[in-house]
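Now for the letters of each chain:
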Amino acid sequence: MFYLRKYKFDVLKILSSRLFLYLVLLISLIFVISYFVSAYVPQEITYQGKLTDQYGVNVPNGNNYNIQIKIFDSLTGGNQLYVQTFTSVSVTNGIFSIRITAPGSVLSGGNR
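All figures in this text were calculated on a predicted structure; none of them were measured in a lab.

What counts, and where the lines are drawn
Residues numbered from 1 in each chain as written. Predicted model: local features only at pLDDT ≥ 70, side-chain atom pairs only at ≥ 80, totals over all residues. Heavy atoms only, no water. Phe/Tyr/Trp six-rings, centres within 6.5 Å; stacked < 30°, edge-to-face > 60°. Helix = DSSP H or I, 4+ residues; strand = E, 2+ residues; numbered from the N terminus. Salt bridge = Lys/Arg side-chain N within 4 Å of Asp/Glu carboxyl O. Buried < 20%, exposed > 50% of the residue type's maximum accessible area, 1.4 Å probe, protein only. Core = buried A, V, L, I, M, F, W, Y, C linked by side-chain atoms within 4.5 Å. Contact = heavy atoms within 4.5 Å. pLDDT = per-residue confidence, 0-100.

Structural notes on the packing of aromatic side chains
Pairs of aromatic rings are described using the distance from one ring centre to the other and the angle between the two planes. Within this structure, the stated rule accounts for 1 aromatic pair. Arranged with centres 6.2 Å apart and planes meeting at 45°, the rings of tyrosine 47 and phenylalanine 96 form a pair that is tilted. Taken together, the residues tyrosine 47 in strand 3 (residues 45-50) and phenylalanine 96 in strand 6 (residues 95-100) connect sequence positions 49 residues apart.

Encoded structure:
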């Protein structure tokens, strides 16, 4: 037993109460739900780039382009881990935005 200000607390009584049991069950349920929710989070990266011609001028508006993204395990001379092709990507003032949806093992790690 210990005292906190004017109130007397019996630790064994608190631990054996139904309220404590419900609280433990609620916290456990929250952890289980958060585990399963995090398992379904999509592994993706939003990539924004600038598309120019050979002179460095932005490509014209109103055109759609095919873009291919490749991910390697090294900055130079590495193995290709993933490839994704995007068709009809809209470009405005040379700027485009795509979502790369590679598996989590490809997106994590060192140099990519």
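A closer look at the pattern of salt bridges
Side-chain pairs of opposite charge can arise whenever the charged atoms involved come near each other. Scanning the entire structure with this criterion turns up 1 salt bridge. A salt bridge links arginine 99 to glutamate 44; its shortest N-O distance comes to 3.3 Å. Of this pair, arginine 99 sits in strand 6 while glutamate 44 sits in the loop between helix 2 (18-39) and strand 3, and the two are 55 residues apart along the sequence. The exposed category is assigned to arginine 99, whose relative accessible area is 52%.

Describing the nonpolar core
Core analysis: the largest hydrophobic core is formed by 13 residues, its most contacted members being Ile69, Ile71, Ile98 and Ile100. When contributions to this core are tallied by element, the ones reaching two or more residues are strand 4 (64-72), strand 5 (80-90) and strand 6. Excluding residues within four positions of it along the chain, isoleucine 98 makes contact with Ile45, Thr46, Tyr47, Ile67, Ile69, Phe86 and Val89.

A short note on the environment of glycine 94
Within the secondary structure, glycine 94 sits in the loop between strand 5 and strand 6. For the pair glycine 94 and glycine 49, spaced 45 residues apart in sequence, the C-alpha to C-alpha distance is 8.1 Å. The contacts of glycine 94, once residues within four sequence positions are left out, are Gly49, Lys50, Leu51, Asn58, Val59 and Asn61.

What about the confidence of the model for the protein chain?
Taken over all residues, the pLDDT of the protein chain has a mean of 81, while the share at 70 or more is 76%. Considering each helix and strand of the protein chain separately, the mean pLDDT is smallest for strand 1 (residues 2-4), with a value of 53, and largest for strand 6, with 93.

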